[in-house]
Amino acid sequence: MMTLNLVPFVSVHNMMKLVLHLGIERVMVDLAAEIEADFRRWPLFDKTPRVASHSDVGVIELMPTSDGETYGFKYVNGHPSNMKQGLQTVTAFGLLADVATGYPVLLSEMTILTALRTAATSAMASNWLAPKGASTMALIGNGAQSEFQALAFKAICGLTEVRLYDIDPAATAKCARNLAGRGLTVVSCKTAEDAMLGAQIITTVTADKQYATILTDNMVGAGVHLNAVGGDCPGKTELHRDILLRATIFVEYPEQTRVEGELQQLPPDHPVTELWQVITGAMPGRVSADQVTLFDSVGFAIEDFSALRYVRGKLAGTGLYDNLDMIADPDDPRDLFGMVLRAK
Ligand code: NAD
């Protein structure tokens, strides 16, 4: 029992080492499989929309869930204005705990892990929804999440070409540089329209705390799959409402997406399909070649739970963690006070 107070902690440094040790694309493929496996057992999870604390410049959120055996939560922020100060828009850390005792079993950085799991979820959804044989993706917004998105689609969906656009050409240049030599044809574009030429999949992953219009209705042709990642909190969207009215909309957890996703632009009873139901076969995914499908991604706690469990399962023998003395665990459970005195 004594060692239960030592909680394995995966730092940013060790997460980078772990991801490079396993291989970025392999991690994406594995994460998509873990997340899909958890979506298949969706009803047994304890679910709640994330708990958000909003300010004028951003949001800080807690994302809890449990499968009855393991409990997990993520702390995550979203601050589009951070980038101008040299800070990340999104940072995160998370924890897993044993439901039987309530003791934590893992604490981990999740800024990198969030980028990985968000990309893996996007590609997993696309596998169910995008037109067959889709090989070209427009990637609008070339910030911190962008390369992860491109590589997940390559590894999981067989993407061969990615067409980049960002209002800031420096972001596009950075993204193109990072993706060079990774087996994708990378085309840097000067407009969003140009980026969409020949694309069967359109991913929007921009950051702006407003009702932005990254795509207007006339830009979206029949048959495309939209993966809208950047609209993920109240007052922050990316797509014109008319696109939503034309698309079949797929979501993670409707109670959360109706508040945070593109869906906030539509009436609360607008029909949506839950992605887990497509995966279990309870509901159809794409039903025709000219249908516009939209994955209105906001990020749900189960994806973080799956990602943390995956990381925990990969740690043994790597040494890529530290043991944190995080939980007070006196030999006599009732003598917490005595333990403090004996530390003198
Ligand atoms: P970032 O700040 O690093 O990058 C955002 C990029 O968007 C910047 O390069 C910016 O120049 C560009 N941009 C802003 N407005 C644009 C416009 N009108 N047209 C084209 N480009 C534009 O942010 P990030 O970490 O890459 O995150 C991107 C978005 O994804 C954020 O809104 C974040 O909240 C969201 N996100 C969603 C999930 C999810 O699960 N759905 C997970 C993580 C992040």
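Rules used in this analysis
Residues numbered from 1 in each chain as written. Predicted model: local features only at pLDDT ≥ 70, side-chain atom pairs only at ≥ 80, totals over all residues. Heavy atoms only, no water. Axes fitted to C-alpha atoms, helices over the stretch in contact; angles between N-to-C directions. Helix = DSSP H or I, 4+ residues; strand = E, 2+ residues; numbered from the N terminus. Parallel < 35°, antiparallel > 145°, perpendicular 65-115°, else oblique. Contact = heavy atoms within 4.5 Å. Nonpolar A, V, L, I, M, F, W, Y, C, P; charged D, E, K, R; others polar. Expected span 1.5 Å × (residues − 1). Buried < 20%, exposed > 50% of the residue type's maximum accessible area, 1.4 Å probe, protein only. Pairing = 2+ DSSP bridges. Near = heavy atom within 4 Å. Polar contact = N/O pair within 3.5 Å; in protein donor to acceptor, adjacent residues only side chain to side chain. Areas by Shrake-Rupley, 256 points an atom, 1.4 Å probe, with all protein chains shown as cover. Phe/Tyr/Trp six-rings, centres within 6.5 Å; stacked < 30°, edge-to-face > 60°.

A. Quick look at the packing of helix α1 (residues 12-22) against helix α10 (residues 301-314). As a packed pair, α1 and α10 sit with axes 12 Å apart at the nearest point and diverge in direction by 75 degrees. Accordingly, the angle class assigned to the pair α1 and α10 is roughly perpendicular. Between α1, through Met15, Leu18 and Leu22, and α10, the contact on the second element is made entirely by Tyr310, Val311 and Lys314. In the contact of α1 with α10, the residues fall into five nonpolar, no polar and one charged.

B. Quick peek at helix α4 (residues 146-157). In a regular helix each residue adds 1.5 Å, so twelve residues correspond to 16 Å; α4 covers 16 Å between its end C-alpha atoms and thus fits that length. Here α4 lies mainly inside the structure; nine of its twelve residues are buried. Those residues of α4 not exposed but buried are Ser146, Glu147, Gln149, Ala150, Leu151, Ala152, Phe153, Ile156 and Cys157. Just downstream of α4, Gly158 is the residue with a positive phi angle, here 75 degrees.

C. Summary view of the sheet that holds strand β7 (residues 136-140). The parallel open sheet is built from eight strands, whose spatial order is β9-β8-β7-β10-β12-β16-β14-β15. One side of each edge strand has no neighbouring strand; the edge strands of this open sheet are β9 (185-188) and β15 (273-274). Note: strand β14 (residues 248-251) against strand β16 (residues 293-296), three bridges, orientation parallel. Each bridged residue has a counterpart across the sheet, and for Ile249 the counterpart in β16 is Leu294. This element, α4, spans β7, β8 (161-165), β10 (201-204) and β12 (225-228) of the sheet and lies at about 170 degrees to β7.

D. Structural view of the site of the ligand. Taken together, 25 residues sit near the ligand, with Thr89, Asp166, Asp232, Lys236 and Ser297 positioned nearest. Within the side chain of Arg117, one N or O atom sits 3.1 Å away from an oxygen atom of the ligand. Between an oxygen atom of the ligand and a main-chain N or O atom of Thr206, the distance comes to 2.9 Å. Protein contact buries 91% of the 870 Å² of open area that the ligand shows by itself. Taken together, the residues of the shell around the ligand sort by class into eleven nonpolar, nine polar and five charged.

E. Focus on the sheet that holds strand β2 (residues 51-54). With respect to topology, seven strands assemble into an open sheet ordered β2-β3-β4-β5-β6-β1-β17, the strand pairing being mixed. Edge positions in the open sheet fall to β2 and β17 (322-325), since each of these has one partner strand only. Across the sheet, the mean angle separating the axes of adjacent strands is 20 degrees when strand polarity is ignored. Along the sheet, helix α3 (residues 111-129) contacts β3 (59-66), β4 (70-78), β5 (92-98) and β6 (104-109); its crossing angle with β6, the most-contacted strand, is approximately 85 degrees.

F. Just the packing of aromatic side chains, in detail. Inspection of the entire model under this criterion finds six aromatic pairs. Both rings, one in Trp42 and one in Trp276, keep their centres 6.4 Å apart while their planes meet at 10 degrees; by these two values the pair is stacked. Within this pair, whereas Trp42 is found in the loop between α2 (24-40) and β2, its partner Trp276 is found in helix α9 (residues 275-279), the two being separated by 234 residues in sequence. For Trp276, a relative accessible area of 15% corresponds to the buried category.

In short, shape yes, function no, at least from these values alone.
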